[in-house]
Amino acid sequence: MVHAERAALIEDLDRLDDVRWREPSLCEGWTVHDVVAHLVDTALTTRIGFVVGLARARFDFDRQNAVGVARARGADPRETLRRLRQVATRTSTPPAPLDSRLVEEVVHGEDIRRPLGLTRPYPTQVVVRALLLQTRTPASFGGARELLNRVRLRATDTDLAIGTGPEATGPALSLLLAVSGRRVALDDLSGPGAATLAAGS
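Reference entry: report on the structure contained in this document. Within each chain, residue numbers correspond to sequence positions counted from 1 in written order. Given that this is a predicted model, residues contribute local features only at a pLDDT of at least 70 and side-chain atom pairs are listed and counted only at 80 or more, while totals for whole chains, interfaces and linings are drawn from all residues. The basis for every side-chain value is the complete set of non-hydrogen atoms in the structure, without hydrogens or water.

1. Section: the nonpolar core
The nonpolar core is taken to be a set of buried Ala, Val, Leu, Ile, Met, Phe, Trp, Tyr and Cys residues, with the residues joined through side-chain atoms within 4.5 Å. Each residue is assigned to one of three classes by its accessible area relative to the maximum for its type, calculated with a 1.4 Å probe on protein chains only: buried under 20%, partly exposed between the two thresholds, exposed over 50%. Residues Leu-131, Leu-153, Leu-176, Val-179, Leu-189 and Leu-197 are the most contacted members of the largest nonpolar core, which totals 33 residues. Non-local contacts of Leu-153, meaning those with residues more than four positions away in its chain, are made with Leu-131, Thr-135, Leu-148, Leu-160, Ala-161, Ile-162, Ala-168, Leu-175, Val-179 and Leu-197. The next biggest cluster of nonpolar side chains, apart from the first, holds 21 residues, and it includes Val-40, Ala-72, Leu-81 and Ile-112. Two residues qualify as a contact provided that any one of their heavy atoms is within 4.5 Å of a heavy atom in the partner residue.

What follows is the structure in structure tokens.
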């Protein structure tokens, strides 16, 4: 599933001109090009390499990511895309659950696609697995576990309802993006729990 998501993103990126690669992504401070470089870097990451890199970054995740982007980014978009193609079928992973790779590919895929007006019909199983992992992961590791004590998430396009509290309803992809801090997805949600998500994102 991870490899399929990488392949789909590569296909979308291959149709872009260089100007579009310079557009801002949904990741604050990062262009589309930066996010693609981040995906190259994370595809190359091994368990030991992650720990070593984090130690060198003085256990600062943002600093570690910035170093990774600079390392993986090519001189131009075509070079970075070539590097993404080269790593698309790798199976290496940092010390995290395997479904974290789905979170990376889907959320960062949308970080790229939404600002560019691109859409992808993600397989439901991919989005659900990514959402379930995000809601099991503490906020300190980029997840939203604590949110489920204050809001109930109910997907309108699949049989999924998790959490306790006022309900936020919407497509599973929008729920995933909202709990991942992407405010653009809040417009897709309804119900009293949507305000709780807005306050927490």
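2. So, the packing of helix α8 (residues 124–134) against helix α9 (residues 172–179)
In this analysis an axis means a line fitted to C-alpha atoms, helices contributing only their contacting stretch, and an angle means the value between N-to-C directions, from 0 to 180 degrees. Helical segments are the DSSP runs of H or I of at least four residues, strand segments are the runs of E of at least two, and each set is numbered from the N terminus. Following both chains from N to C, one finds α8 and α9 inclined at 30 degrees, their axes separated by 9 Å at the closest point. Judged by the inter-axis angle, α8 sits roughly parallel to α9. Judged by the twist between their axes, the crossing of α8 over α9 is left-handed. Between α8, through Val-127, Ala-130, Leu-131 and Gln-134, and α9, the contact on the second element is made entirely by Ala-172, Leu-173, Leu-175, Leu-176 and Val-179. Polar here means any residue other than Ala, Val, Leu, Ile, Met, Phe, Trp, Tyr, Cys and Pro, which are nonpolar, and Asp, Glu, Lys and Arg, which are charged; Gly is therefore polar. Within the contact of α8 with α9, the residues separate by chemical class into eight nonpolar, one polar and no charged. For classification, angles of less than 35 degrees are called roughly parallel, those exceeding 145 degrees roughly antiparallel, those between 65 and 115 degrees roughly perpendicular, and all remaining angles oblique. Throughout, a crossing is termed right-handed when the near helix is turned clockwise from the far one, and left-handed when it is turned anticlockwise from it by less than a right angle.

3. Some thoughts on helix α3 (residues 32–44)
Because an α-helix packs 3.6 residues into every turn, residues spaced three or four apart end up facing the same way. Counted at 1.5 Å a residue, the expected span for α3 with its 13 residues is 18 Å, and the 19 Å between its end C-alpha atoms agrees. The buried fraction of α3 is high, at twelve of 13 residues. Helix span, expected: 1.5 Å multiplied by one less than the number of residues in the helix.

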